[in-house]
Amino acid sequence: MRTDESSHERLAAVADRLLAHPFQCWFYGDSVGFEGLLAASDLLGDNRWRDFSHGFFRAWGARREPWGLDDNTAPGHAMCAVVEATGDQLLKEAAVALGHQLSARRKVHGAAITFEDTLRSLRQPYGDVELSADHQEIMENPGAGVWLDCMHFDPPFYAHLAHLDEGLDWRDMAVSEILAYRDLLLNPSNGLYRHYWLERTQSAWIDGWARGQGWALLGLLDVAHGAIGHPRLDEVAGAALDLARVMVRLQRDDGHWWNMAHDPRSGEESSTAAFMATAFFRGMSNGILPETEFQEPADRAKAAMIDMLDNDGNLMGVSAAVMSALVDEHYWNVPLNKIVPWGQGPVLTAFAAEATWNATKR
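Not measured: the values here are computed from a predicted model.

Caption draft 1: Layout of the pattern of salt bridges. This model, assessed by the stated rule, comprises 21 salt bridges. Between aspartate 16 and arginine 48 there is a salt bridge whose closest N-O contact spans 2.8 Å. Residue aspartate 16 is located in helix H1 (residues 7-19), and its partner arginine 48 is located in helix H3 (residues 48-62); the two are separated by 32 residues in the primary sequence. We classify aspartate 16 as partly exposed; its relative accessible area is 30%. We classify arginine 48 as partly exposed; its relative accessible area is 38%. Here glutamate 235 and arginine 182 are joined by a salt bridge, their closest N and O atoms 2.9 Å apart. You can see glutamate 235 sitting in helix H10 (residues 233-250) and its partner arginine 182 sitting in helix H8 (residues 170-185), a full 53 residues away along the chain. Judged by relative accessible area, glutamate 235 falls into the partly exposed class, the value being 29%. What emerges from the salt-bridge pattern is a single network uniting Arg182, Asp183, Arg232 and Glu235.

Structural data, given as structure tokens:
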């Protein structure tokens, strides 16, 4: 963006472009998108983005049933924040009902199934890539699975519900579930999380999708902050610190990360810088990430993010909905320059997280 624009104008442009997105009830990326809208109102002292979010949530809450297949992607954490700010009892009832609905899903090794039929996400690869005969055979009937993105959806939502409702032990659900995701998806050989786990193969697939590490890290940090007092909280905070350190090690000199964080062949993608700027500033504010290790990487990530903002408030270089595939090459070929909640939202949360961090140092 132009160097003479004020921060206020810059952030308002980003938020307005996000406000124009055709949100649905619900889709992947809504969580960080709506968190970004709330962050914009907090930062700029303008309630229009919060009011839009409140109205959207309330409209959904009034007609929330029948439940949908993608209700696990509902921005529950943001809903809880709006309930706290407004005292809206209808929305509170809807959020609690959603929590009960999500907590009742079938689980494998403690993690809720994302898709009973993973063909809702698995697809033939982008690019000129042919699957092997073995992979094609899996595609015929891949069965159920658990996806990395969900580390940002359900567990932080449960942790926030613990402050609003006493109907279930939401705090324990948040901690237990996010650690179950870790156990299924973490590759201990490189410290990165894999994109998904298939029940059919009893194994996790696809190392190092960089934006996915952002979903995981923000989820771990939000649970570690929201489930204070849980006996396994140090384990959650430790998992967050471990992943953050791996991402610092893989950060490029220009502040960005490769599309697959560990693999330069995967090419460019810009949303990871926004996710990591948010995570690093937030983690320092919460006392989980040491300033001595994360201040400089956070500043570089934010600078890299700002460099990708155009004059209209669009974060350029963001990939489309990645979906998923059985081969790494799929991820290298996802279309870029999409103006989407998982690009615009984390820009706003990154500015908000930095502001909170700076306030803690005063």
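Having seen the model, we can carry on.
Caption draft 2: Just the side chain of threonine 272, in detail. Inspection of the secondary structure puts threonine 272 in helix H11 (residues 271-285). Using a relative accessible area of 1% as the deciding quantity, one classes threonine 272 as buried. Contact partners of threonine 272, with chain neighbours within four places excluded, come to Ala210, Arg211, Met247 and Trp257.

Caption draft 3: Focus on the side chain of asparagine 314. With respect to the element layout, asparagine 314 can be found in the loop between helix H12 (291-307) and helix H13 (329-332). One polar contact links asparagine 314 to arginine 17, side chain to side chain, over a distance of 2.6 Å. If we ignore the near neighbours within four places in the chain, the residues touching asparagine 314 are Arg17, Met308, Leu309, Ile339 and Gln344.

Caption draft 4: Quick look at the nonpolar core. Counting residues in hydrophobic clusters, the biggest one holds 130 residues, and the most contacted among them are Trp257 and Phe280. Sort the elements by how many residues they give to this core and H10 lands first, with 11 residues.

Caption draft 5: Expanded view of the confidence of the model for the protein chain. Per-residue confidence for the protein chain averages 96 on the pLDDT scale, and 98% of its residues sit at or above 70. Predicted confidence is poor over residues 1-5, with pLDDT under 50, and the contacts of this stretch with residues over four places away or in other chains come to 10 contacts.

Caption draft 6: Looking closely at the packing of H11 against H12. Viewed as axis vectors pointing N to C, H11 and H12 meet at an angle of 150°, and their least axial separation amounts to 8 Å. Comparing their axes, H12 and H11 come out roughly antiparallel. Where H11 crosses over H12, the handedness of that crossing is left-handed. Seen from H11, the contacting residues are Ala273, Ala274, Ala277, Phe280, Phe281 and Met284; seen from H12, they are Glu291, Phe294, Gln295, Pro297, Ala298, Asp299, Ala301, Lys302, Ala304 and Met305.

Caption draft 7: Here's a closer look at unusual backbone geometry. Cis geometry is adopted by the peptide bond preceding tryptophan 26, which originates at cysteine 25 and carries an omega value of 5°. The linkage connecting glutamate 65 with the following residue, proline 66, adopts the cis geometry, with an omega of 5°. Summarising the element assignment, proline 66 is placed in the loop between H3 and helix H4 (76-86). We note that histidine 109 has phi near 50°; this positive angle belongs to a residue other than glycine. Relative to the helices and strands, histidine 109 resides in the loop between strand E1 (107-108) and strand E2 (111-112).

Caption draft 8: The packing of aromatic side chains, seen in detail. For the structure shown, the criterion picks out 24 aromatic pairs. Where phenylalanine 27 meets tryptophan 342, the ring centres are 6.4 Å apart and the plane angle is 50°; that geometry is what we call tilted. You can see phenylalanine 27 sitting in the loop between H1 and helix H2 (30-44) and its partner tryptophan 342 sitting in helix H14 (residues 341-360), a full 315 residues away along the chain. The class of phenylalanine 27 is partly exposed, set by a relative accessible area of 28%. What makes tryptophan 342 buried here is its relative accessible area of 7%. A ring pair is formed by phenylalanine 34 and phenylalanine 57, whose centres lie 4.9 Å apart and whose planes are at 55°; its orientation type is tilted. In this pair, phenylalanine 34 sits in helix H2 while phenylalanine 57 sits in helix H3, placing the two residues 23 residues apart along the sequence. With relative accessibility at 0%, the residue phenylalanine 34 sits in the buried group.

Caption draft 9: Structural detail: helix H7 (residues 154-161). Among the 8 residues of H7, 8 are classified as buried, and the element is accordingly described as predominantly covered. Along H7, the residues classified as buried are Asp154, Pro155, Pro156, Phe157, Tyr158, Ala159, His160 and Leu161. Its buried side turned inward, H7 meets H4, helix H5 (89-103), H8 and helix H9 (210-226).

Criteria and thresholds
Residues numbered from 1 in each chain as written. Predicted model: local features only at pLDDT ≥ 70, side-chain atom pairs only at ≥ 80, totals over all residues. Heavy atoms only, no water. Salt bridge = Lys/Arg side-chain N within 4 Å of Asp/Glu carboxyl O. Helix = DSSP H or I, 4+ residues; strand = E, 2+ residues; numbered from the N terminus. Buried < 20%, exposed > 50% of the residue type's maximum accessible area, 1.4 Å probe, protein only. Contact = heavy atoms within 4.5 Å. Polar contact = N/O pair within 3.5 Å; in protein donor to acceptor, adjacent residues only side chain to side chain. Core = buried A, V, L, I, M, F, W, Y, C linked by side-chain atoms within 4.5 Å. pLDDT = per-residue confidence, 0-100. Axes fitted to C-alpha atoms, helices over the stretch in contact; angles between N-to-C directions. Parallel < 35°, antiparallel > 145°, perpendicular 65-115°, else oblique. Left-handed = near helix turned anticlockwise from the far one by under 90°. Phe/Tyr/Trp six-rings, centres within 6.5 Å; stacked < 30°, edge-to-face > 60°.

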